[in-house]
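Listed here are the chains, written in short residue letters.
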Amino acid sequence: MTAITELVSFDVEGSVGIVTVDNPPVNALSAGVREGIKGGIIAANKDDAVTSIVLFCNGRTFIAGADITEFGKPMVGPSLLEVIVGIEGSSKPVVAAIHGTALGGGLETALGCHYRVASPTAKVGLPEVKLGILPGAGGTQRLPRVVGVPMALEMIAGGAPIGSAKAAEVGLVDEVIEGDLRAGAIAFAKKVVAEGRPLVKISDQDEKLQEAKENPAIFDDFRKSIARKTRGFVAPENCIKAVQAAVELPFVEGLKRERDLFVELMGGEQSFSQRYFFFSERLAAKIPDVPKDTPLLDINSCGIIGAGTMGGGIAMNFLQAGIPVIIVETQQEGLDKGLALIKSNYAATVSKGRMSQTAMDKCMSLLSGTIKLEDISDVDIVIEAIFENMEVKKEIFQKLDAICKDGAILATNTSTLDIDEIGEATNRPESVIGLHFFSPANVMKLLEEVRTKKTSHTVMATCMALAKRIGKVPAMVGVCEGFVGNRILHRRSEQATALLMEGAMPADVDRVLFDFGLPMGPFAMSDLAGNDVGWRIRQGKGVTSPVADAICELGRFGQKTGSGYYEYKEGSRTPVSDPIVEDIIVKASKAAGIDRRDISDDEILKRCIYPMINEGSKILEEGIATRASDIDVIWVYGYGWPIYRGGPMRYGDAIGLKNVYETLLEYQKEHGDFFKPSALLERLAKEGKTFQDA
Ligand code: CAA
C-alpha cells in the first residue's frame, strides 16, 4: 500500500488499482483527500499492472461532501472540479464503491467515475441547497444527464437523498452489492474490463436531457411546485437555473454557468447562515460539563402521562423509533379518545402515502393504554404531559417516585413551571428533567431539554442521545420562566400587543413577520394555538391584556371557534381581517389614552425582533443557554425562524450588534426599560464583537 497523502492510499490487487480515502468521520473532501484522489488516479494510470480502478472509502461512509470547514478559506491543493476531470479522463475505468452516504461533492466525485456500485443501505444525494449553495463541481450538469431533468431538479433543489435501490432503478448506480462492498466493487471492475465495457463519461451524454429540451415548461412548472416550500430562500432558484444550463448549454459552458451561480450563493448571507446552522445543530448536542463518555441508560420503554394532543404527539415519536409506549389517563373515556386520535393521525399519514400500512400496524402494536399509574412502574422513562398546574404535577411526581423502578428517568413536558421544584417533590431529583416538545410534537424537530440544578450527567447524556433516536434535535437549557424558547417568544408577543395599542392592526404585524420569513405572525399563531390558553394563564395570575381579553370575552378563541384576531370562513384556515377586532383595538387605545399613529414596517420588525435578541443575550448572561447558537437552534426548529437567517442571535450578529444596541437605547428613551439593552449586548456592541465571539 502506498500513501498518496496522509488521507488517501493506493494499492493494487491483481489487475485492480484501489484508491482508498480515509478521512474520518465522514471522509469529507479536505485538501489532502482531493490531492490524494487525483494522485491515486494518476498512479493507477501509470501502473501497467492495473487495468481498472476502484475508488473506495474506509470507515462509516463514502465521501459525504466537501469539507464545509474549508468554505470561505483560500483554496489549497487541486479543486474538486480538477480532481473529477482527472477521474473522468482516466484511460482505465474507474468504479466508485459507495457505502453510507455519497453526498454533495461525494456524489459529484462518483458521477465523475465511469461506473458506480453501492451497498444496499447506501444513500446518494446533492444536499448543498440545504447549506444555501448548489453542487459546484459539475453535479448540476451531470446528474440530469443520468436521471433526467425532473428527478435532477427534485434532488438538487430539494436536497433529499435517495436510497441505493432507487438509485439503481434510475441508473445512477450500476449495481447494488450485497455483502463485502470492496470485494464486490473489485469483481465489478474486473467484469467491466472482461466484457470490454466502454469508459462511460457522463459529460458526453445528453439523451436524458431531451425531454426538457422539447418541453422547457418543465422548469417553470417545477418553480411553481416548490414556491411555497422555498419562500425566501435564494439557493433553490440558482439550482434550477444551473440545471436549466445543463439543458440549454454545451457541457463545458454549463459548468461555467454552474460556477457563477455557485459563487453568487457562496458569498451571500443566506449560505453563511445556513452553514453556521449546520454546525450549530451539531454543537447543540454537546453539553460542555457532561463528559463525552458518560455512560448511558438503556431506554427500551416509555410511559406517557396524559393522552391529550401533546401526550399523543410525544408517543408517536417513540413508536416510530420502535420504542413501546404506555399512555396513562385518569378516565377510560379520555384514554380511548387519545388512543383513537393517534390511530387516526397515523391513518391520515398512510392515506397520504407518507407511511406504509405495515409501518402503521407496527407502531400501533407498540402502543397500549391504562388508567392505572402503577402499570408504568417498570418503564425506562416517564414523560408527564398534563395541563400546567404545579400542585397536580408535584403530586404525580411523588407518586412516580414511589412506583417507578430505580434509575427510571422522570421527565416533564412543562413549558412554564419550575422543574427544580418538581424535582424536589421526589426523593430522586437527579432523575428529573424537562423534555419540552413543541406542538405538533410528532412534527416539530426541536426538543428543548431542561436540566435542573440536580439532574445527573447520566440522565442528561441519555436524554440527548434519546432525542436523536426519536428524530429530534436537542438543545439543553436551564430552568427559568418559559425556558429559552418561550421566554424569547413572550418578549415578542409583548411588543406585538404594544404595537396594536399604538396604531398597528394584527394583519400589519403578521404580514411584516411573515415577510421576514417566519411561518406566521404572532396573531395568526395565537389564533392557531388558541387564545383561551393565554387568557386562562392571565386570569390565574390576575393580569390583564385589554385587546386579548376582549377578544376572548367574545368567545373568539381562534381557529377552533371560527374567529379570534381574525375571522375564518367555514372550513378555511385563511385569516381574514375583521372590523369587530379593529374596533376593539381602537377602543382599547382610546381607553389607555394613546393617540394612534402610522407605524412603519421597519419599526414593526425592529420592535418585535430586537427585544428577542436582547432577551437571548440576557439568557446567555444568566447561563441558561450555553451558546448563542443553541438559542438559534431552538428558534429555527421550535418556532420556524427562517434557517437562512440563522436564528435570532445570528441575525443580530449579521445586522451588527451595535445597530441593535443603539436602536434599543432609542426605544428605551421612548418606551421605557422594557428595551434596556442587556449588559452582554452592551459590551459586545461597544467592543465591535458578535455573539459568536462571546
Ligand atoms: N464537512 C465537514 N465536517 C462535516 C461534514 C462536512 N461535509 N459532514 C459532517 N461533518 C462533521 C460534523 O460536523 C460532525 O462533527 P462533530 O462530530 O465534530 O460534531 C461529524 O462530521 C459527524 O457528522 P454528523 O454528526 O452529522 O454525523 P451523522 O452520522 O449523523 O451524519 C452525514 C452524517 C449524513 C454525512 C451528515 O453529517 C451530513 O449531512 N453532512 C453534510 C453533507 C453535506 O451537506 N454535503 C455537501 C457538502 S457541500 C459540497 O459538497 C459542495 C460542493 O459542491 C463541492
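The rules we used
- Residues numbered from 1 in each chain as written.
- Predicted model: local features only at pLDDT ≥ 70, side-chain atom pairs only at ≥ 80, totals over all residues.
- Heavy atoms only, no water.
- Helix = DSSP H or I, 4+ residues; strand = E, 2+ residues; numbered from the N terminus.
- Phe/Tyr/Trp six-rings, centres within 6.5 Å; stacked < 30°, edge-to-face > 60°.
- Buried < 20%, exposed > 50% of the residue type's maximum accessible area, 1.4 Å probe, protein only.
- Lys NZ or Arg CZ within 6 Å of the ring centre and 35° of its normal.
- Pairing = 2+ DSSP bridges.
- Contact = heavy atoms within 4.5 Å.
- Axes fitted to C-alpha atoms, helices over the stretch in contact; angles between N-to-C directions.
- 1 Å grid on protein atoms, 1.4 Å probe; cavity = no way out; pocket = protein on both sides within 12 Å on 5 of 7 lines; lining within 4 Å.
- Points joined across faces, edges and corners; volume = space filled by probe spheres on them.
- Nonpolar A, V, L, I, M, F, W, Y, C, P; charged D, E, K, R; others polar.
- Salt bridge = Lys/Arg side-chain N within 4 Å of Asp/Glu carboxyl O.
- Near = heavy atom within 4 Å.
- Polar contact = N/O pair within 3.5 Å; in protein donor to acceptor, adjacent residues only side chain to side chain.
- Areas by Shrake-Rupley, 256 points an atom, 1.4 Å probe, with all protein chains shown as cover.
- Expected span 1.5 Å × (residues − 1).

### With respect to unusual backbone geometry
Geometrically, the link from Pro24 to Pro25 is a cis peptide bond, its omega value of 5 degrees lying close to zero. In this structure, the amide linkage connecting Ser439 to the following residue, Pro440, adopts the cis form with an omega of -10 degrees. Position of Pro440 relative to the elements: it lies in the loop between strand 16 (432-437) and strand 17 (446-451). We note that Asn27 has phi near 55 degrees; this positive angle belongs to a residue other than glycine. Inspection of the secondary structure assignment puts Asn27 in the loop between strand 3 (16-21) and helix 1 (31-46).

### Thoughts on the packing of aromatic side chains
Scanning the entire structure with this criterion turns up 14 aromatic pairs. Measuring from centroid to centroid gives 5.2 Å for Tyr667 and Phe675, while their planes differ by 55 degrees, and the two rings are tilted. Here Tyr667 falls in the buried class, since its relative accessible area comes to 8%. Centre to centre, the rings of Phe674 and Phe675 are 5.0 Å apart; their planes meet at 75 degrees, and the pair counts as edge-to-face. Residue class for Phe675 comes out buried when judged on its relative accessible area of 1%. Clustering of aromatic rings is evident, with ring pairs tying together Phe438, Phe516, Trp635, Tyr639, Trp641 and Tyr651. For the cation-ring pair, Arg282 lies above Phe278, with the distance from its terminal atom to the ring centre recorded as 3.7 Å.

### So, the sheet that holds strand 5 (residues 94-98)
The strand order across the open sheet built from seven strands is 1-2-3-4-5-7-10, with neighbouring strands paired in mixed fashion. Edge positions in the sheet fall to strand 1 (2-3) and strand 10 (175-176), since each has one partner strand and no second. Of the strand pairs in this sheet, strand 2 (residues 8-13) and strand 3 are connected by six bridges, and their pairing is antiparallel. Counted as the bridge partner of Asp11 is Ile18 from strand 3. Relative to the sheet, helix 1 contacts strand 2, strand 3, strand 4 (52-57) and strand 5, its axis offset from that of strand 2 by approximately 25 degrees.

### Things to note about the layout of surface pockets
In this structure, the second largest pocket occupies an estimated 190 Å³ of space. Lining the second largest pocket we find 13 residues, and of these Arg145, Val146, Gly171, Val200 and Gln205 sit closest to its centre. Among the elements of the structure, strand 7 (115-118) and helix 4 (139-147) are those that each provide at least two residues to the lining of the second largest pocket. Its residues assigned to classes, the lining of the second largest pocket comprises five nonpolar, three polar and five charged.

### Here's the deal with the environment of Asp22
By secondary structure assignment, the location of Asp22 is in the loop between strand 3 and helix 1. For Asp22, a relative accessible area of 38% puts it in the partly exposed group. Contact partners of Asp22, with chain neighbours within four places excluded, come to Leu7, Asn27 and Asn58.

### Description of the pattern of salt bridges
Using the criterion set out here, one finds 44 salt bridges in the structure. Among the salt bridges present, the one from Asp220 reaches Arg223, with a minimum N-O distance of 3.0 Å. Note that Asp220 and Arg223 are positioned in helix 9 (residues 217-226) at a spacing of three residues, about one turn of the helix. Judged by its relative accessible area of 43%, Asp220 falls in the partly exposed class. One salt bridge connects Arg627 with Asp630, and the closest N-O pair in it is separated by 3.1 Å. The exposure class of Asp630 is buried, given its relative accessible area of 1%. Residues joined by salt bridges that share partners form a network here, namely Arg487, Arg491, Glu494, Glu615, Lys618 and Glu622.

### Some words on empty space enclosed by the protein
Remark: the empty space left among the atoms is shown by a probe the size of a water molecule rolled over them. Within the structure shown, the criterion is met by one cavity of 30 Å³ or more. Taken as a whole, the largest cavity encloses approximately 30 Å³ of empty space. No other element matches helix 25 (residues 601-621), which puts four residues into the lining of the largest cavity. Class assignment for the residues of the lining of the largest cavity results in three nonpolar, one polar and three charged.

### What about the site of the ligand?
Around the ligand, 26 residues are found, and the nearest of them are Arg60, Ala66, Gly105, Arg282 and Lys286. Taking Gly105, its main chain carries an N or O atom lying 2.7 Å from an oxygen atom of the ligand. Between an oxygen atom of the ligand and a side-chain N or O atom of Glu128, the distance comes to 3.1 Å. Compared with its free state, where it exposes 990 Å², the ligand has 74% of that area covered by protein. Among the elements that make up the shell around the ligand, the one with the highest residue count is helix 12 (residues 269-284) (three residues). Residue classes in the shell around the ligand are distributed as 14 nonpolar, five polar and seven charged.

### A few points about helix 13 (residues 309-320)
Compared with the 16 Å implied by 1.5 Å per residue over 12 residues, the 17 Å span of helix 13 between its first and last C-alpha is a close match. Counted residue by residue, helix 13 has 10 buried out of 12 residues, so it is predominantly covered. Buried within helix 13 we find Met310, Gly311, Gly312, Gly313, Ile314, Ala315, Met316, Asn317, Phe318 and Leu319. Among the residues trailing helix 13, Gly322 stands out with phi positive, at a value near 80 degrees.

### Notes on the sheet that holds strand 12 (residues 325-328)
Pairing within the open sheet is mixed, and its eight strands lie in the order 13-12-11-14-15-16-17-18. In this open sheet, the two edge strands, each paired with only one partner strand, are strand 13 (367-370) and strand 18 (473-478). Averaged over all adjacent pairs, the angle separating strand axes in this sheet is 25 degrees, with direction ignored. Relative to strand 16, strand 15 (residues 409-412) runs parallel, the two sharing three bridges. When the sheet's bridge partners are listed, Thr412 is paired in strand 16 with Gly434. Packed onto the sheet, helix 16 (residues 390-403) meets strand 11 (302-305), strand 14 (381-384), strand 15 and strand 16 and runs at close to 170 degrees relative to strand 15.

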